[in-house]
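Descriptive structure summary
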Amino acid sequence: MAYFKKMTPEQESQHLKQASNEELCAYLAAKIRRSRKLRKESQVQFAARAGIALRTYKRLETYGQGHLETFLKALSALDRCHYLNLLFPFDQPKSRALSLEERLEIIRKRHRESNS
């Protein structure tokens, strides 16, 4: 995952769009490992603080393998859970432009109502 350090955010984003599940797991594992190291915590300290068995945590960080619950515990210990809403932003229904016929019908309806 060291090659991500040389990528711009746009390049990294483009790469992630085409990545396999295995590559995505390795990417997330590398991000977790990097965040832990920035906090100057050992794997033992971090796993204990996150409430994850050490062996389970090592598997997550080293191979990107684990249960979703383990990943979420790691995110919580890194104070990153509040970013989960970015994965599924509220989708606004896309408004489409009215056709000419639809606009004319609205005008006709308003005209009829005003003449009544």
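For every chain, the first residue of the written sequence is number 1, and numbering continues from 1 along that sequence. Note on the predicted model: pLDDT of at least 70 is required for a residue's local features to be given, and 80 or more for side-chain atom pairs to be given and counted; whole-chain, interface and lining totals, by contrast, use all residues. Hydrogens are left out, water is left out, and the side-chain values use all remaining heavy atoms of the structure.

A short note on the nonpolar core
- Membership of the largest hydrophobic core is limited to 12 residues, which are I32, F46, A47, A50, I52, Y57, L60, F71, A74, L75, A77 and L78.
- What counts as a helix is a DSSP run of H or I of at least four residues, what counts as a strand is a run of E of at least two, and both are numbered from the N terminus. For this core, the secondary-structure elements that each account for two or more residues are α3 (43-50), α4 (54-63) and α5 (68-77).
- Per-element accounting of this core gives the leading share, four residues, to α5.
- Apart from residues lying up to four places away in sequence, I52 is in contact with A47, Y57, T70, K73 and A74. To form a nonpolar core, buried Ala, Val, Leu, Ile, Met, Phe, Trp, Tyr and Cys residues must be joined to one another through side-chain atoms within 4.5 Å. Partly exposed describes any residue whose relative accessible area lies between the buried limit of under 20% and the exposed limit of over 50%, with all areas from a 1.4 Å probe on protein chains only and scaled to the type maximum. Note on contacts: a residue pair qualifies if any of its non-hydrogen atoms lie within 4.5 Å across the two residues.

As for a nonpolar patch on the surface
- Patches in this entry comprise residues that are over 30% relatively accessible and not in a salt bridge; like charges within 9 Å are linked, as are nonpolar side chains (Val, Leu, Ile, Met, Phe, Trp, Tyr) within 5 Å. Note that accessible areas follow from Shrake-Rupley with a 1.4 Å probe, and for residues the cover is restricted to the protein chains shown. The term salt bridge refers to a pairing of a side-chain nitrogen on Lys or Arg with a carboxyl oxygen on Asp or Glu at a separation within 4 Å. Together, L68, L72, L84, L87 and F88 give the surface a local cluster of nonpolar side chains, amounting to about 540 Å² of exposed area.
- Tracing the sequence through the fold places L87 in the loop between α5 and α6 (100-115).
- Given a relative accessible area of 58%, L87 falls into the exposed group.

Brief notes about the confidence of the model for the protein
- Overall, the prediction assigns the protein a mean pLDDT of 88, with 91% of residues at 70 or greater.
- By definition, pLDDT measures how confident the predictor is in each residue, and it falls between 0 and 100. The least confident element of the protein is α6, whose mean pLDDT is 85; the most confident is α3, at 98.

Considering the packing of helix α2 (residues 21-38) against α4
- As a rule, the C-alpha atoms of each element are fitted with a line to give its axis, helices using only the stretch in contact, and angles between N-to-C directions run from 0 to 180 degrees. Closest axis-to-axis distance for the α2/α4 pair is 6 Å, and the angle between their directions is 115°. As the angle between them shows, α2 and α4 are arranged roughly perpendicular. Contact residues: α2 offers A29, I32, R33 and R36, while α4 offers Y57, L60, E61 and T62. Our angle categories are set so that under 35 degrees counts as roughly parallel, over 145 as roughly antiparallel, 65 to 115 as roughly perpendicular, and the remainder as oblique.

Points about α3
- Residues of α3 that are buried include every one of Q43, F46, A47 and A50, and no others. In a view along the axis of α3, the buried residues occupy a sector of 95°, so they form one face of it. Exposed residues on α3 whose side chains face more than 90 degrees from its buried face are V44 and A48.
- Buried positions along α3 lie against α2, α4 and α5. The arc under discussion is defined with respect to the helix axis, by the directions toward the C-beta atoms.

Details of the pattern of salt bridges
- Tallying each qualifying case throughout the model produces six salt bridges.
- In this structure, R108 and E105 form a salt bridge, with 3.5 Å as the shortest nitrogen-oxygen distance. Separated by three residues within a single helix, R108 and E105 lie in helix α6, roughly one turn from each other.
- What emerges from the salt-bridge pattern is a single network uniting E101, E105, R108 and R112.

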